[in-house]
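As a plain string of letters, each chain reads:
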Amino acid sequence: MSDATHAPSGDHHGSRRTYLTGFLLSVVLTAVPFWLVMTGTLDNQTTAIAIVVFAVIQILVHTVCFLHVNTRAEGGWTLLAYIFTGVIVLIVISGSLWIMYHLGTNMMPMTGTDGPS
Amino acid sequence: MGTKAMGDNPGFYVLEEEHHEPGGATLLGFWIYLMSDALIFATLFATYGVLSSAYAGGPSPREIFELPIVALNTAILLVSSITYGFAMIAMHEGKLRGTQFWLVVTGLLGAAFVGVELYEFGTLIHEGATPQTSAFLSAFFTLVATHGLHVTFGIVWLVVMLVQLNQRGLHPENQRRLTCLSMFWHFLDVVWIGVFTFVYLLGVLR
């Protein structure tokens, strides 16, 4: 009953248009990486860079269109928490890879051929 | 009434909860939970990244990953995101039947996603690519199965919400719960973007 009167338009929930825009964008941003990898149109290096770029864009599209993160929702606290988490996620992943890669290269050669190279 | 109540009433009482929009602090709190869940996935992604070439003589990603199955699963999860979006739109328009219909569609798509993932795991284990085979496969199963478990619990939550909607309708508490589930569902889709890009696509390229 009170939905129509005090619906805070556009703060926490999107319109049909927001959802459809997000959906169409993410279909393209999903299909192109799969197509690139499955057909092997470009060389491996370029493909790898391209699909990572597509993934980052798609994550941002989902965040804006589906999760409705913006500067107004919850007085900006969702956005702040999101950015903070993004920084931590980047530090955890890139830091782990960096440290473990150098540990691996500085180790004595293993007896077998396996092991992190 | 405010003036004549001065003398004989207690100084302070609450007639009803402050009328915020449904949710209020709950939505922000649930968002913080999702961010901490993102950190769990970050550690699992980091583990997978470190161990992703530790095959221990076992199969490599190129030999075992079936991209058509992954593409199918990605499509299912993506469509389930937009159907949940339609459920939220129906909820804000106050349409109970529409909300229930789109929630059922979303739940079925989620179940299909889990089914396809279990089929994929079954095939891998049948081929001898078990979690015990190599560090790469341990990390792979841990990361992807954690996401699959999240989706499974999302489906359980969704079924509970369908029962509640059937009994109580679209009252503000149910709207708040559906909004939280919406964030949870879309968050899992975001995690899946990382999984299909960094695990499957980059794994096959390797």
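Here, the structure is the one placed above.
Here the structure is a predicted model, which is why all the values come from computation and not from measurement. (Residues numbered from 1 in each chain as written. Chains lettered and ligands numbered in written order. Predicted model: local features only at pLDDT ≥ 70, side-chain atom pairs only at ≥ 80, totals over all residues. Heavy atoms only, no water.)

Trainee: Got a sec to walk through the overall build of chain B? Specific residues and values, please.
Mentor: A tally of helices and strands in chain B yields 6 helices and 0 strands. Evaluated residue by residue, chain B yields a buried proportion of 51% over its 206 residues. Within chain B, counting contacts between residues at least 6 apart in sequence, those at least 24 apart form 81% of the total. Within the structure as shown, chain B displays about 9,400 Å² of accessible surface, and the carbon and sulfur contribution to it stands at 66%. (Helix = DSSP H or I, 4+ residues; strand = E, 2+ residues; numbered from the N terminus. Buried < 20%, exposed > 50% of the residue type's maximum accessible area, 1.4 Å probe, protein only. Contact = heavy atoms within 4.5 Å. Areas by Shrake-Rupley, 256 points an atom, 1.4 Å probe, with all protein chains shown as cover.)

Trainee: Describe in detail a nonpolar patch on the surface, supporting the description with residues and values.
Mentor: Taken together, the side chains of A:Trp98, A:Ile99, A:Met100 and A:Leu103 make up a nonpolar region of the molecular surface, amounting to roughly 450 Å² of accessible area. With respect to the element layout, A:Trp98 can be found in helix H4 (residues 77-106). (Patch = residues over 30% accessible without salt bridge, like charges linked within 9 Å, V, L, I, M, F, W, Y side chains within 5 Å. Salt bridge = Lys/Arg side-chain N within 4 Å of Asp/Glu carboxyl O.)

Trainee: Tell me about the pattern of salt bridges, and name the residues and values.
Mentor: Counted by the stated rule, this structure contains 2 salt bridges over all chains. Across the pair A:Arg16 and B:Glu93 runs a salt bridge, and its minimum N-O distance is 3.8 Å. Taken as a pair, A:Arg16 in helix H2 (residues 16-39) and B:Glu93 in the loop between helix H3 (67-92) and helix H4 (96-126) lie in two separate chains rather than in one. Take A:Arg16: its relative accessible area is 41%, and that puts it in the partly exposed class. A relative accessible area of 43% places B:Glu93 in the partly exposed class.

Trainee: Requested: an account of the packing of H2(A) against helix H6 (residues 172-205) of chain B, with residues and values cited.
Mentor: Between H2(A) and H6(B), the least distance of the axes is 10 Å, while the angle of their chain directions is 15 degrees. Considering their axes alone, H2(A) and H6(B) lie roughly parallel with respect to each other. Pair H2(A) / H6(B) crosses with left-handed handedness. Residue-level inspection shows A:Tyr19, A:Thr30, A:Pro33, A:Phe34 and A:Val37 of H2(A) in contact with H6(B), the latter providing B:His186, B:Phe196, B:Leu201, B:Val204 and B:Leu205. Looking at side-chain class alone, the contact of H2(A) with H6(B) contains 8 nonpolar, 2 polar and no charged residues. (Axes fitted to C-alpha atoms, helices over the stretch in contact; angles between N-to-C directions. Parallel < 35°, antiparallel > 145°, perpendicular 65-115°, else oblique. Left-handed = near helix turned anticlockwise from the far one by under 90°. Nonpolar A, V, L, I, M, F, W, Y, C, P; charged D, E, K, R; others polar.)

Trainee: Requested: an account of the environment of A:Trp98, with residues and values cited.
Mentor: Classification of A:Trp98 by relative accessible area gives exposed; the value is 61%. With 80 residues separating them along the chain, A:Trp98 and A:Thr18 place their C-alpha atoms 38 Å apart.

Trainee: Before we move on, can you summarise the environment of B:Glu120 with the specific residues and values?
Mentor: Residues and elements named next belong to chain B. Mapped onto the fold, Glu-120 is located in helix H4. For Glu-120, a relative accessible area of 6% corresponds to the buried category. The spacing of Glu-120 and Glu-66 is 54 residues in sequence and 8.4 Å in space, taken between C-alpha atoms. Ignoring anything within four residues of it in the chain, the contact list for Glu-120 reads Ile-69, Val-70, Phe-140 and Tyr-200.

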